[in-house]
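Coordinates in review
What follows is each chain in one-letter form.
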Amino acid sequence: MRVTADRDTCTVSSLCVYRAPEVFDQDEDGHVVVLRPDPPEHLHPAVRDAARSCPTRSIRITEEE
Ligand code: SF4
């Protein structure tokens, strides 16, 4: 899994940080920061949940074979 986030469309809702704090954080302006672009397997469900929860669809997940 590879995780990216679009800071241009992020609306500083904090939902992703709430759902997966090991993978997402926010900078001083509140915009999303991806801490772990290649999260370990046990965090994948939380990352998918965070991506689904993002109100602006700013989180992108690429599943690797
Ligand atoms: S859930 Fe989406 S809009 Fe909210 S902080 Fe995370 S990336 Fe930004």
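Here goes a summary of the coordinates provided. These numbers come from a predicted model, not from an experiment.

Section: the site of the ligand
If you check the shell around the ligand, you find Cys10, Thr11, Ser13, Ser14, Leu15, Cys16, Val32, Cys54, Thr56, Ser58 and Ile59 and nothing else. Applying the majority rule of atoms within 2 Å of the grid points places the ligand in the largest cavity. The class makeup of the residues in the shell around the ligand is six nonpolar, five polar and no charged.

Side note on the side chain of Asp27
Within the fold, Asp27 resides in the loop between strand 2 (24-26) and strand 3 (32-34). Not counting chain neighbours up to four residues away, the residues in contact with Asp27 comprise Arg7 and Val33.

What about unusual backbone geometry?
If you check the backbone angles, Val12 has positive phi at about 60 degrees while not being a glycine. Topologically, Val12 is positioned in the loop between strand 1 (2-5) and helix 1 (15-19). For Val12, a relative accessible area of 35% puts it in the partly exposed group. Positioned with a positive phi, Arg57 is a non-glycine residue whose angle comes to about 55 degrees. Within the element layout of this structure, Arg57 appears in the loop between helix 2 (44-53) and strand 4 (59-62).

Observations concerning empty space enclosed by the protein
With the rule as written, the count across this model stands at one cavity of 30 Å³ or more. Roughly 90 Å³ of internal volume is contained in the largest cavity. Taken together, 13 residues line the largest cavity, and the ones lying closest to its centre are Cys10, Val12, Ser13, Cys16 and Cys54. Considering only residue class, the lining of the largest cavity consists of six nonpolar, seven polar and no charged.

Conventions and cut-offs
Positions within a chain are numbered from 1, following the residues in the order the chain's sequence is written. Restriction of local features to residues with pLDDT of at least 70 applies here, the model being predicted, together with a cutoff of 80 or more for giving and counting side-chain atom pairs; totals for whole chains, interfaces and linings are based on all residues. Calculation of side-chain values draws on the structure's entire complement of heavy atoms; hydrogens and water are dropped beforehand. Residues are counted as near a molecule or strand when any one of their heavy atoms sits within 4 Å of it. In this analysis, the protein atoms alone were mapped onto a 1 Å grid. Cavities are point sets where a 1.4 Å probe fits without being able to get out; pockets are open sets with protein on both sides within 12 Å along at least five of seven lines; lining residues have an atom within 4 Å of a point. Cavities and pockets are treated as containing a molecule whenever more than half of the molecule's atoms lie within 2 Å of their grid points. Basically, the charged four are Asp, Glu, Lys and Arg, the nonpolar ten are Ala, Val, Leu, Ile, Met, Phe, Trp, Tyr, Cys and Pro, and anything else, Gly included, counts as polar. For the purposes of this entry, the term helix denotes a DSSP run of H or I that reaches at least four residues, the term strand denotes a run of E that reaches at least two, and both are numbered from the N terminus. Here, two residues are considered to be in contact whenever any of their heavy atoms come within 4.5 Å of each other. Only protein chains enter the calculation, and the probe is 1.4 Å; a residue is then buried if its accessible area is under 20% of its type maximum, exposed if over 50%, and partly exposed in between. Grid points are joined across faces, edges and corners, and a volume is the space filled by probe spheres set on the points.

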